[in-house]
Amino acid sequence: NNLITKILNKEIDAITFTSPLTVENFFEIVKDKEKIAKLLSENLLTVCIGPITAKVLDKYNITYIYPDTYTVPDMMELLFKTWRKNNE
């Protein structure tokens, strides 16, 4: 999978998950789940839409952030604000 390859090659800075199902579907295509989960936590800014999606990320021991208001625009705003802060 192209996305997994880009994650493994550290070509992606951030990833978003908009529902519990997107997390589950993502991990269905991943062979080495522990390795990818570690990369999502350590090399990428992982952002999810809210606490229900966060629970599924917890299942894979992934470090993430989510906005106070559970909308896609707020999630993207948090992503860009956090990414800029981390890359100053």
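All of these numbers come straight from a predicted model, not from anything done at the bench.

Visitor: Can you explain the nonpolar core? Please cite residues and give values.
Guide: Generally speaking, nonpolar side chains in soluble globular proteins are found buried as a group. Formed by 20 residues in total, the largest nonpolar core has its most connected members in Ile7, Phe17, Phe26, Phe27, Ile36 and Leu40. Those elements that place two or more of their residues in this core are helix H1 (2-8), strand S1 (14-17), helix H2 (20-28), helix H3 (33-42) and helix H4 (51-59). Per-element tally for this core: the top contributor is H3, with 4 residues. With near-sequence residues (within four places) excluded, phenylalanine 17 lies in contact with Thr22, Val23, Phe26, Leu40, Thr46, Val47, Cys48, Ile49, Thr53, Leu57 and Met75.

Visitor: An account of H3 is requested, with residue identities and associated values reported.
Guide: Residues of H3 that are buried: Ile36, Ala37, Leu39 and Leu40. Within H3, the buried residues cover an arc of 160° as seen down the axis, which keeps them to one side. Those residues of H3 that are exposed and aimed more than 90 degrees away from the buried face are Glu34, Lys38 and Glu42. Next to the buried residues of H3 lie H1, S1, H2 and strand S2 (45-48).

Visitor: Residue-level account of the environment of threonine 71, with values.
Guide: The residue threonine 71 is located in the loop between H4 and helix H5 (72-86) in this model. For threonine 71, a relative accessible area of 29% translates into the label partly exposed.

Visitor: Provide a residue-level description of the pattern of salt bridges, including the pertinent values.
Guide: This model, assessed by the stated rule, comprises 3 salt bridges. Taking the shortest distance from any N to any O, the salt bridge between lysine 6 and glutamate 11 comes out at 3.6 Å. Residue classification places lysine 6 among the partly exposed residues on the basis of a relative accessible area of 30%.

Visitor: Hey, could you go over H4 for me, with residue numbers and the actual values?
Guide: When H4 is considered as a whole, its buried residues turn out to be Thr53, Ala54, Val56 and Leu57. In a view along the axis of H4, the buried residues occupy a sector of 160°, so they form one face of it. With respect to the buried face of H4, the exposed residues turned more than 90 degrees away are Ile52, Lys55 and Lys59. Downstream of H4 by a residue or two, asparagine 61 has a phi angle that is positive, lying close to 60°.

Visitor: If you had to explain the side chain of threonine 46 to someone new, which residues and values would you point to?
Guide: In this fold, threonine 46 is placed in strand S2. A relative accessible area of 2% means that threonine 46 is categorised as buried. One polar contact links the side chain of threonine 46 to the main-chain carbonyl oxygen of leucine 40, over a distance of 2.9 Å. With residues up to four places along the chain from it excluded, the contact list for threonine 46 reads Ile15, Phe17, Leu40, Leu57, Ile62, Thr63, Tyr64 and Ile65.

Parameters and conventions
- Residues numbered from 1 in each chain as written.
- Predicted model: local features only at pLDDT ≥ 70, side-chain atom pairs only at ≥ 80, totals over all residues.
- Heavy atoms only, no water.
- Core = buried A, V, L, I, M, F, W, Y, C linked by side-chain atoms within 4.5 Å.
- Buried < 20%, exposed > 50% of the residue type's maximum accessible area, 1.4 Å probe, protein only.
- Helix = DSSP H or I, 4+ residues; strand = E, 2+ residues; numbered from the N terminus.
- Contact = heavy atoms within 4.5 Å.
- Arc of directions from axis to C-beta.
- Salt bridge = Lys/Arg side-chain N within 4 Å of Asp/Glu carboxyl O.
- Polar contact = N/O pair within 3.5 Å; in protein donor to acceptor, adjacent residues only side chain to side chain.

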